[in-house]
Each structure stands twice: as structure tokens, then as C-alpha cells.
Amino acid sequence: MHASTQQRAVGHRPYFFLSYAHTPGYGAGTDPDMWVERLFQDLCGHVMAMTDLPAGAPAGFMDREIRSGEGWSERLGDVLATCRVFVPLFSPRYFASEMCGKEWYAFEQRAIHHRARSNQPAEAIVPALWVPVPPSQLPGSAERLQFNHRDFGERYVSDGLYGLIKLRLFAEEYERAVYELAKRIVSVADSVRIDTGRPVDYRLAPSAFGSPSSGVGAPRPMQITIAAPTRHDLPEGRNSDHYGDHPQDWNPYYPASARPLAYVAEELVRSLNYQAVITSFDEDRHDGKAPPSTPEILLVDRWALRDEDHCRRLAAFDAENRPWVTMVVPWSRDDHQSRAAETELTEKLEAVMPVKMGQGRALCRAAAKGVPTMEAFGQLLPQVVEVAAQQYLKHAKAYPPGSGGGSGERTRLTGPMGNTSYIPDPHDPATEAEDL
């Protein structure tokens, strides 16, 4: 290979990351993933033919060689942070795999932050059917994809790529499906151009399919509540660029983020297989003495404390001591007005909401003291969500079977909301010793 060709190849990102569930061996000398390897090679061949990638540039990536070796987690994280398109290979085993869920989650974070920064669509997941999966078995992350598999052929829909590749009778259908899949990969890669991201640490990453022990199921509920002013009732002198007509329009990280934080948080929560509902703190709230109906994330703008009515209602809320509501205080370090008023408003928040400011593990207290960037918000929110979910399970009322109380979903606390896993902060040695 000539030196100039080598230089061209070095800077290229893989067009696609093939995410698949490893099949356990079932006999001496057999390689259960050899057919996935063939699919990968066929896709790479088509992608090379459809693009101007130089020799030596990666058309795609699969983890066939590295998962069992040293440094595989770092290598996967690096590729997922740079690849252009994510290609999940659907099968029942895929959605039962925690590792596949982590890969999906890592890539989806890039798409969420890309949309936050640009306010433009960033749909760069191109699913492929390895083995057909009934719609009822799809987690929320897969169910939400707008993708017509029938574009690749009826036999592909009924048998999946595994059925086509195994039977010579369907060789033509296999070739068509792989060709169409490669075309879709190249089209999405060239049109979306999703930003590169920071590699995700797989030791801490959650699964986009939910808790591995709870199985694949309907998204679990999570409420996102916004306590912030609107542009119509701002404190005197406060810049209106961060606000809109409703509290849900609050955008503390503007101009780094082009989208209101509520909708970015909604996407982050959905990427954890939760069903998010956005509300305003100004709306009517339930009796604080009643058992919770859903876990909740409360996003508080410190500038709301300049309003006496907000202070009064936030203080009353804090006095109710709802541990299933976890408070997060987004606070941009690039907002000059916020930096100038930080000491005053922090002291006021500590006086108005002392319970929430001191409640929970170290990461919850850190979230309440201020989250300075959108990137930090995205890294912290999954952990805060799981704390809220655990506290909800601890305090929610459980109805005995046949008692007639509550709905079907509420009677099974070990169902879609059950067995959530708290992700500790690795930088805080006191985390494990503290109680929620």
C-alpha cells in the first residue's frame, strides 16, 4: 500500500458497527457465529463498492476478535464513539443480551447529544433482522424505530437473514437483502453525519433494554418535572434567551444546546427503557402523604427562587420528603449571569429545600448542587433515574394479588419497574456505604 493511501485510510471512521448477540457453542469444532461473520464481510464488500473509501479504511466493525482479549471494552467504546451508523442484528437472544443493550445505549447517547446541540434529526440506527422477533418482545428503544423491513423483501421479513443465508434456496433473497441493507447504511452515514462522542465506560453503562434480570418488557414509567420561570415572569434583568412560553421550554445550556432541557432529558430517560412524562411544577400536584404513582426527576432552575411563590411551593414540597423524587439542578458554567448570582441562589436553594439538598447518595447531592454542562447532565442522569426508581419501589404501595387495588401494572412492583440496578459513582469511595 502506498504511503498516500495509508494516510487517507487512517482518518476514516467505520461506516457501521455491527452489534450482535454471540451464540453459545453447541459442538466441538463448530463456530456458531460464522454466519454473522459472512454477513459482515458481505456488507463490507458492498460498502467499499458504494463509497470512495481507500484501501485499508474500515468499512465496518464487529467485535469477533476482541471481546475475549484485553482492552476489548475500551476498543468497543472507541468505535461506538466514532462509527457513523449502528446496525443492531435483531434476534430474541439480542434483546436478552446486556452487552448488546450497552452497545445500543452508548451509540444512542451520541444521537441524543447531537440532537440537543443542533436541534436536527439524528436517526443513525439501521436495524437488521437476523431472526424475526415478535413486536411484543421488542423493548421501547427498538419499538420506536421508524423502519420498514419489507423494503428488503418479504422472505427477509418472514425468515430473517439467518434463514436466508442458511438455505441455498433463498440465496437470491439473501443477496438482495444484504445489498439493500448496505445501501441503507451508506445513505444514512452520508446524510446524517452524527457527531463523534466520548467513549462510554462499559463498567458503568446501563442497558438500553432495561434491567437484565427483569427481562424485556414495556417501558417503565418516569416523570420529569420542570421548576423554572417562563420568559414572561423572569426576575428583573435575567436574560430571556434561556426561556420560552412554558417552563418546559427552559434551556439552561443555551447556546451549547439548541433544545429545551426537558426534551433532552426525555430522550435520555427513554434510552434507559423508561416511558417519560414531562410536567411543570406549576401544575397541580398530588397529596404528599399519598403513596407515589411513579418515580420522578425534578429539574430546578435556581432563578425560580427569585419568585416568592416558587419559593413557598418548593419549600412545601421539600417538607413532604418524597425520596422517590430526585432533584437535579442544571447550572451552566458558561452562563455569566448565573455565575455572578451563584453564591446567592445556591444559599437560597439550600435554605428553601434543605431535605433535597442533603438527601441520598453522593451523586444525588452532587446533582442538587449544580450540573455545569450538558455532557455532565447526560452522564449523571442515568444514575439519578435509577435511584429514583429504587426509591419508588421502596415506597410505592403494593396491592396483594386479588385485592382489586390499583391497575395490573401497579400490582407487580417486580415487573417492568422491578430489579433496577443502581450505578455507583466510581470516584466516590463513600457511595456504597451511604443509604439512599
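Quick notes on the rules
- Residues numbered from 1 in each chain as written.
- Predicted model: local features only at pLDDT ≥ 70, side-chain atom pairs only at ≥ 80, totals over all residues.
- Heavy atoms only, no water.
- Helix = DSSP H or I, 4+ residues; strand = E, 2+ residues; numbered from the N terminus.
- Contact = heavy atoms within 4.5 Å.
- Areas by Shrake-Rupley, 256 points an atom, 1.4 Å probe, with all protein chains shown as cover.
- Pairing = 2+ DSSP bridges.
- Axes fitted to C-alpha atoms, helices over the stretch in contact; angles between N-to-C directions.
- Parallel < 35°, antiparallel > 145°, perpendicular 65-115°, else oblique.
- Nonpolar A, V, L, I, M, F, W, Y, C, P; charged D, E, K, R; others polar.
- Phe/Tyr/Trp six-rings, centres within 6.5 Å; stacked < 30°, edge-to-face > 60°.
- Buried < 20%, exposed > 50% of the residue type's maximum accessible area, 1.4 Å probe, protein only.
- Lys NZ or Arg CZ within 6 Å of the ring centre and 35° of its normal.
- Core = buried A, V, L, I, M, F, W, Y, C linked by side-chain atoms within 4.5 Å.
- pLDDT = per-residue confidence, 0-100.
- 1 Å grid on protein atoms, 1.4 Å probe; cavity = no way out; pocket = protein on both sides within 12 Å on 5 of 7 lines; lining within 4 Å.
- Points joined across faces, edges and corners; volume = space filled by probe spheres on them.

Another aspect to go through is the overall build of the chain. Counting secondary structure elements, the chain contains 15 helices and eight strands. Intrachain contacts of the chain at a sequence separation of at least 6 include 78% that bridge at least 24 residues. Carbon and sulfur atoms make up 49% of the accessible area of the chain, which amounts to about 20,100 Å² in all.

For the rest of this paragraph, the subject is the sheet that holds strand 8 (residues 325-328). Sheet architecture is open: four strands sit in the order 6-5-7-8, paired in parallel fashion. Two strands close off the open sheet at either side, each with one partner strand: strand 6 (274-280) and strand 8. Taken over all neighbouring pairs, the strand axes of this sheet differ in orientation by 25° on average, direction set aside. In this sheet, strand 6 lies alongside strand 5 (residues 220-227) in parallel orientation, the contact comprising seven bridges. Note that in strand 6 the partner of Ile226 across the bridge is Ser280.

It is worth spelling out the packing of helix 2 (residues 34-50) against helix 7 (residues 154-166) at this point. Two measures define how a pair of helices packs: the angle their axes make with one another and the distance between the axes. Remark: helix 2 packs on helix 7, axes separated minimally by 11 Å, with the N-to-C direction vectors making an angle of 95°. On the basis of their axis angle, the class for helix 2 and helix 7 is roughly perpendicular. Only Leu161, Tyr162, Ile165 and Lys166 of helix 7 make contact with helix 2, whose side of the interface consists of Trp35, Arg38 and Leu39. A class-by-class count of the residues in the contact of helix 2 with helix 7 yields five nonpolar, no polar and two charged.

Next up on the list: the sheet that holds strand 1 (residues 16-19). Across the sheet, which stays open at both edges, the four strands sit in the order 2-1-3-4 with parallel pairing between neighbours. The strands lining the two open edges of the sheet, one partner per strand, are strand 2 (60-61) and strand 4 (128-129). Helix 5 (residues 98-118) contacts strand 1 and strand 3 (85-90) of the sheet and is inclined by roughly 155° relative to strand 3.

Time to look at the side chain of Gln248. Tracing the backbone shows Gln248 in the loop between strand 5 and helix 9 (261-270). Filtering out sequence-adjacent residues up to four positions away, Gln248 remains in contact with Ile226, Pro260, Ala262, Tyr263, Ile278, Thr279, Ser280 and Glu283.

On to the packing of aromatic side chains. Two aromatic rings, taken as a pair, are described by how far apart their centres are and by the angle between their planes. Under the defined criterion, the tally for this structure stands at 17 aromatic pairs. Taking 5.8 Å as the distance between ring centres and 80° as the angle between the ring planes, the aromatic pair formed by Phe147 and Phe152 counts as edge-to-face. For Phe147, a relative accessible area of 19% corresponds to the buried category. Through pairs of rings, three or more aromatic residues link up here, namely Phe17, Phe61, Phe86, Phe90, Tyr94, Phe95, Trp104, Phe107 and Phe209. In this structure, Arg84 is placed above the aromatic ring of Tyr15, and the distance from its NZ or CZ to the ring centre is 4.2 Å. Against the face of Trp331 rests Arg302, its NZ or CZ located 4.3 Å from the ring centre.

Time to look at the pairing of strand 1. Side chains of strand 1 alternate between two faces, with Phe16 and Leu18 and Phe17 and Ser19 buried alike. As paired strands, strand 1 and strand 2 are joined by two bridges and run parallel to one another. Bridged to Phe16 within strand 2 is Gly60. When strand 1 meets strand 3, the two strands line up parallel, connected through four bridges. Residue pairing in the sheet places Ser19 in a bridge with Pro88 of strand 3.

This part is about the nonpolar core. Among the nonpolar cores identified, the biggest contains 107 residues, and Phe16, Trp104, Leu161, Leu299 and Phe377 are the most heavily contacted of them. At 10 residues, helix 8 (residues 171-192) tops the list of elements feeding residues into this core. Residues in contact with Phe377, not counting those within four places in the same chain, are Tyr253, Leu261, Ala265, Leu268, Leu299, Val328, Pro330 and Val371. If you look at the next biggest cluster of nonpolar residues, it comprises 19 residues, including Ala227, Leu314, Phe317 and Leu349.

A few words on the side chain of His149. As for its placement among the helices and strands, His149 is situated in the loop between helix 6 (140-143) and helix 7. Once residues within four sequence positions are removed from consideration, His149 is found in contact with Pro127, Leu129, Tyr156 and Val157.

Before going further, it helps to spend a moment on the confidence of the model for the chain. For the chain, per-residue confidence averages 85 on the pLDDT scale, and 83% of positions sit at 70 or higher. Contacts for the low-pLDDT stretch residues 1-10, under 50 throughout, to residues beyond four places or in other chains number 12 contacts. In the model, residues 399-436 has pLDDT below 50 throughout and makes 73 contacts with residues more than four positions away in sequence or in other chains.

Here the focus is empty space enclosed by the protein. Under the criterion given, the structure shown has two cavities of 30 Å³ or more. Taken as a whole, the largest cavity holds about 90 Å³ of empty space. Looking at the largest cavity, it is lined by 12 residues, and the ones nearest its centre are Val325, Thr326, Gln359, Gly360 and Cys364. Breaking the lining of the largest cavity down by element, the ones donating at least two residues are strand 8, helix 14 (362-369) and helix 15 (374-395). The element contributing the most residues to the lining of the largest cavity is strand 8, with three residues. Of the residues contributing to the lining of the largest cavity, the split by class is seven nonpolar, four polar and one charged. The computed volume of the second largest cavity comes to approximately 40 Å³.

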